[in-house]
Amino acid sequence: MAFRGKEMMKKLVKKVGAETLTPELKEKLKACVPDSKVVMGRAKRGLYAGRHIQYGNRVSEDGGNKSRRCWKPNVQEKRLFSYIFDRHIKVKVTTHALRCIDKAGGIDEYLLKTPYQKMDTEMGLFWKTKVEQRYAELGQMEVAFFTPEDEAKFEQGFKDLNIAKKEARREARKEARRKMYGGEEKGEEEASIEAGGSESHQDDHGWLEANA
């Protein structure tokens, strides 16, 4: 299913946010997505790096008969980590796009280095706009520097926090195990006590008979 580039432009502006979108980014988006451009529906579902469905002929070996066929790109569903957003991005990518991402040094660098006219998918344009917008926001933030002593304190605090979390999880598992197996353990202890009492009673009875 195909649709016009004007519809894709409206969706991108709505997703990114018309209030936060700068005029420069808007002009770049309009330049790479003209209103008359026909875009395939699959373009909204992943990063393909220029790899799309190709069409050609299948030629038989005997008579040279031709029949139409298509070549589909190798599309994989991956979870790529974005350092600027500090989370994983679940996206469909081609193997060629994966090689381009590895060569660029990550999904963020790939989106920043690839120009808008080569980013021919709706998802690619959306994430590229989001990354550039995020970088612009980070550029306006104030940067604070810490001394090595403060950094050591922060690291120690994180280590203590991780240790406390591990202890809390261990205690929670112990409590759950105690609730789950507490009744069975108690029943086994009572059975062992009763068995020990009956054995001692039998021993006393045998000792009395022997003395008699």
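Definitions and limits used
Residues numbered from 1 in each chain as written. Predicted model: local features only at pLDDT ≥ 70, side-chain atom pairs only at ≥ 80, totals over all residues. Heavy atoms only, no water. Pairing = 2+ DSSP bridges. Helix = DSSP H or I, 4+ residues; strand = E, 2+ residues; numbered from the N terminus. Contact = heavy atoms within 4.5 Å. Axes fitted to C-alpha atoms, helices over the stretch in contact; angles between N-to-C directions. Buried < 20%, exposed > 50% of the residue type's maximum accessible area, 1.4 Å probe, protein only.

Looking at an unreviewed UniProt entry, one finds the protein chain named Large ribosomal subunit protein bL28m, with Brassica campestris as its source organism.

Caption draft 1: A look at the sheet that holds strand 3 (residues 46–47). Taken together, 3 strands build an open sheet; the order of strands is 3-7-6 and the sheet is mixed. Edge positions in the sheet fall to strand 3 and strand 6 (75–82), since each of these pairs with one other strand and no more. Pairing between strand 6 and strand 7 (residues 87–94): 8 bridges, direction antiparallel. Across the sheet, Lys78 pairs through a bridge with Val91, a residue of strand 7. Lying on the sheet, helix 3 (residues 95–104) is in contact with strand 3, strand 6 and strand 7; it crosses strand 7 at an angle near 130°.

Caption draft 2: A look at helix 3. Turning to helix 3, its buried residues are His96, Ala97, Leu98, Ile101 and Ala104. Of the surrounding elements, those touching the buried residues of helix 3 are strand 3, strand 6, strand 7 and helix 4 (107–113). Just past helix 3, the residue Gly105 takes up positive phi, approximately 105°.

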